[in-house]
Amino acid sequence: VNPERPELTATLDGSALPGPWRSAEGRPRPSHTWLCDLPAPPTESPAHLEVTWAPDSALREVTLQPGEAEAWWQEPIVERELFWPELGVADAQVLQEQVQMCQELLELEPQSRGCLLTLALLLAALEPRGRAREIREHLGTLRDADPLRAGFVADVRSRFEAALVVLGAGEGLSLSNKGLTSVPLLERMSALTRLELAGNELRALPAALGALRRLTELDLSGNHVTEVGAAPPLPRLRLLRLDRNPIGHAPALAPLAAWPRLALLGLAETPLGSAPGGPAQLAELLPGVDVTFS
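In this text the structure is predicted, and so the values were computed from the model without any measurement. (Residues numbered from 1 in each chain as written. Predicted model: local features only at pLDDT ≥ 70, side-chain atom pairs only at ≥ 80, totals over all residues. Heavy atoms only, no water.)

Engineer: It is not clear to me how the overall build of the protein chain should be interpreted in this structure. Could you clarify?
Structural biologist: Scanning the protein chain for helices and strands turns up 7 helices and 12 strands. Residues counted as buried form 39% of the 294 residues belonging to the protein chain. A separation of at least 24 residues holds for 45% of the contacts in the protein chain among residues at least 6 apart in sequence. Accessible surface for the protein chain amounts to roughly 15,400 Å². Of this, 51% is attributable to carbon and sulfur atoms. (Helix = DSSP H or I, 4+ residues; strand = E, 2+ residues; numbered from the N terminus. Buried < 20%, exposed > 50% of the residue type's maximum accessible area, 1.4 Å probe, protein only. Contact = heavy atoms within 4.5 Å. Areas by Shrake-Rupley, 256 points an atom, 1.4 Å probe, with all protein chains shown as cover.)

Laid out in structure tokens, this is it:
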């Protein structure tokens, strides 16, 4: 959706909502999640919210029950389009023929970087869950064959691992200890209330984290995060775990003061816990947050 002019229209029980619309990430850029303030919630009978957007004119409807303050609708996930959309829409027979060609070429040249990458992507588009082990093996071989592109391969692996978990996700999602360097597809997880990302290779909070408006618990323990950065406030988050991250200065966490419901912050085994005056300074910056250093 165009951030300059999100072509969204919404009606509540037949009356148009004037907007304005804003992206969940809080940035003027294309987004999968757009927010619009609603009038007072219904008190006696359900309210019906209808949304359309261009160029897709299909009508989407959600029901706001009495006493509820928000309503959510998420587009159903199409498995073949989740891993690599350009391949996912292709004819399955064509993709299978390409798989066979790549396998034949690999028999002649087992370290062929192009074939390894192409085969991994083809298998992810065709049978992501059934061929997961094979896909991981091809990506591992590619990483070893092309050390200069290790970062790129890690990002491809991150997308694959995230997509696999998204397919079976409910309100909770665990991506711990997956070796992730990024967290793709967060925009497809807006219903999440709990997200576990411990033990990965993340150096910052995920850029699309703002799309998770219902999130109440976030675990980023054991990564390489040094500061919160410009991540938009999460309106429902109560628990944030940043244990075993190289956070050494209280001001690095100052943006958390804008997170309205944050109540518990875990900072065990971080340099900040032993920094002179660090805990005291953090208490001044986050007076309403219970911080634990052990």
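What follows continues from the structure just given.
Engineer: Help me understand the side chain of Asp243 in this model?
Structural biologist: With respect to the helices and strands, Asp243 occurs in the loop between strand S10 (239–241) and strand S11 (264–266). A polar atom in the side chain of Asp243 sits 3.3 Å from the side chain of Ser221. Dropping the residues within four chain positions of it, Asp243 is found in contact with Leu220, Ser221, Gly222, Gly266, Leu267, Ala268 and Thr270. (Polar contact = N/O pair within 3.5 Å; in protein donor to acceptor, adjacent residues only side chain to side chain.)

Engineer: Just checking my understanding: could you explain the sheet that holds strand S9 (residues 217–219) for this structure?
Structural biologist: Strand order in the open sheet made by the 6 strands is S7-S8-S9-S10-S11-S12, with parallel pairing throughout. The outermost strands of the open sheet, each flanked by one partner alone, are strand S7 (172–174) and strand S12 (290–292). With strand direction ignored, the average angle separating the axes of adjacent strands in the sheet is 5°. As judged from the 3 bridges shared by S10 and S11, these two strands associate in the parallel manner. When the bridges of S11 are listed, Leu239 appears paired with Leu264. (Pairing = 2+ DSSP bridges. Axes fitted to C-alpha atoms, helices over the stretch in contact; angles between N-to-C directions.)

Engineer: How should the pairing of strand S1 (residues 8–12) be read in this particular structure?
Structural biologist: A regular strand places its side chains on the two faces of the sheet in alternate fashion. The two faces of S1 differ: Leu8, Ala10 and Leu12 on one face are buried, but Thr9 and Thr11 on the other face are not. In the sheet, S1 pairs with strand S2 (residues 15–16) via 2 bridges, with the strands oriented antiparallel. Bridged to Thr11 within S2 is Ala16. Where S1 hands over to S2, the hairpin turn is made up of 2 residues, of which Asp13 adopts a positive phi near 55°.

Engineer: Can you walk me through the pattern of salt bridges in this structure?
Structural biologist: Side-chain pairs of opposite charge can arise whenever the charged atoms involved come near each other. Using the criterion set out here, one finds 10 salt bridges in the structure. In this structure, Asp146 engages Arg113 in a salt bridge whose closest nitrogen and oxygen atoms are separated by 3.7 Å. Of the two residues, Asp146 is situated in the loop between helix H5 (132–145) and helix H6 (150–167) and Arg113 in helix H4 (residues 113–126); the sequence distance between them amounts to 33 residues. Assessed through its relative accessible area of 46%, Arg113 is described here as partly exposed. Arg149 is the partner of Asp146 in a salt bridge, and the nearest nitrogen-oxygen pair spans 3.9 Å. For Asp146, a relative accessible area of 6% translates into the label buried. Each of Arg113, Asp146 and Arg149 takes part in salt bridges that share partners, so that together they form one network. (Salt bridge = Lys/Arg side-chain N within 4 Å of Asp/Glu carboxyl O.)

Engineer: Which parts of the structure should I look at to understand the nonpolar core?
Structural biologist: Among soluble globular proteins, nonpolar side chains are generally buried collectively. Leu195, Leu253 and Leu265 are the most contacted members of the largest nonpolar core, which has 41 residues in total. Setting aside anything within four residues of it in sequence, one finds Leu265 in contact with Leu240, Leu242, Leu253, Leu256, Leu282, Leu286, Val289, Asp290, Val291 and Thr292. Ranked by size, the runner-up nonpolar core spans 23 residues in total, among them Leu95, Val99, Leu117 and Val156. (Core = buried A, V, L, I, M, F, W, Y, C linked by side-chain atoms within 4.5 Å.)

Engineer: Any chance you could explain unusual backbone geometry here in plain terms?
Structural biologist: For residues other than glycine, phi is negative in most cases, and the peptide bonds are mostly trans. One non-glycine residue, Arg244, adopts positive backbone phi at about 60°. On the basis of relative accessibility, which here comes to 42%, the residue Arg244 falls in the partly exposed class. Even without being a glycine, Glu269 presents a positive backbone phi close to 55°. Looking at the element boundaries, Glu269 is found in the loop between S11 and helix H7 (278–285). The class of Glu269 is exposed, set by a relative accessible area of 63%.

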